[in-house]
Amino acid sequence: EDFGILLDTLVTLDEKASNIKKTPSQQQQKSTLFSRIVVIVTGKGPQKSYYQDKIKSLHLSHIAIFTMWLTPSDYPKLLGC
């Protein structure tokens, strides 16, 4: 799996969220369109540490990315949150 495409898209989205002008009406729109985005990447593949380092280097303002290992029984619990 190539998470590079996902990370590139998240960087673009974060930049768009940061570039919304600060007029009162647009500020309200920003908080509606770009509240905080949380991305959870699961797995323990051979490239996990590479992508963890890459994620740390992104310094995103509006997007939080977490990596974790889940057991099969944990997936429904996560999706239920």
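**So, the pattern of salt bridges**
Scanning the model with the defined rule gives one salt bridge in all. Here Asp-74 makes a salt bridge to Lys-77, at a shortest N to O gap of 3.9 Å. Taken together, the residues span about one helical turn, with Asp-74 and Lys-77 both in helix α4 (residues 74-79) at a distance of three residues.

**Overview of the packing of helix α1 (residues 3-18) against helix α3 (residues 48-56)**
Following both chains from N to C, one finds α1 and α3 inclined at 10 degrees, their axes separated by 12 Å at the closest point. By the angle between their axes, α1 is roughly parallel relative to α3. Packed against α1, whose contacting residues are Phe-3, Gly-4 and Leu-7, the element α3 presents Tyr-51, Lys-54 and Ile-55 at the interface. Of the residues contributing to the contact of α1 with α3, the split by class is four nonpolar, one polar and one charged.

**Structural notes on the confidence of the model for the chain**
Low pLDDT means the predicted coordinates in that region are not meant to be read closely. In this model, the chain carries a mean pLDDT of 85, and residues with pLDDT of at least 70 account for 81%. Per-residue pLDDT, averaged within each element of the chain, yields its smallest value for helix α2 (residues 24-33) (58) and its largest for strand β2 (residues 63-68) (94).

**What to know about the layout of surface pockets**
By volume, the largest pocket amounts to about 250 Å³. Contributing to the lining of the largest pocket are 15 residues, with Phe-3, Val-41, Thr-42, Gly-45 and Lys-48 lying nearest its centre. When residues of the lining of the largest pocket are traced back to their parent elements, those giving at least two are α1, β1 (37-42) and α3. It is α3 that provides the largest number of residues to the lining of the largest pocket, a total of four residues.

Rules behind the numbers
Residues numbered from 1 in each chain as written. Predicted model: local features only at pLDDT ≥ 70, side-chain atom pairs only at ≥ 80, totals over all residues. Heavy atoms only, no water. Salt bridge = Lys/Arg side-chain N within 4 Å of Asp/Glu carboxyl O. Helix = DSSP H or I, 4+ residues; strand = E, 2+ residues; numbered from the N terminus. Axes fitted to C-alpha atoms, helices over the stretch in contact; angles between N-to-C directions. Parallel < 35°, antiparallel > 145°, perpendicular 65-115°, else oblique. Contact = heavy atoms within 4.5 Å. Nonpolar A, V, L, I, M, F, W, Y, C, P; charged D, E, K, R; others polar. pLDDT = per-residue confidence, 0-100. 1 Å grid on protein atoms, 1.4 Å probe; cavity = no way out; pocket = protein on both sides within 12 Å on 5 of 7 lines; lining within 4 Å. Points joined across faces, edges and corners; volume = space filled by probe spheres on them.

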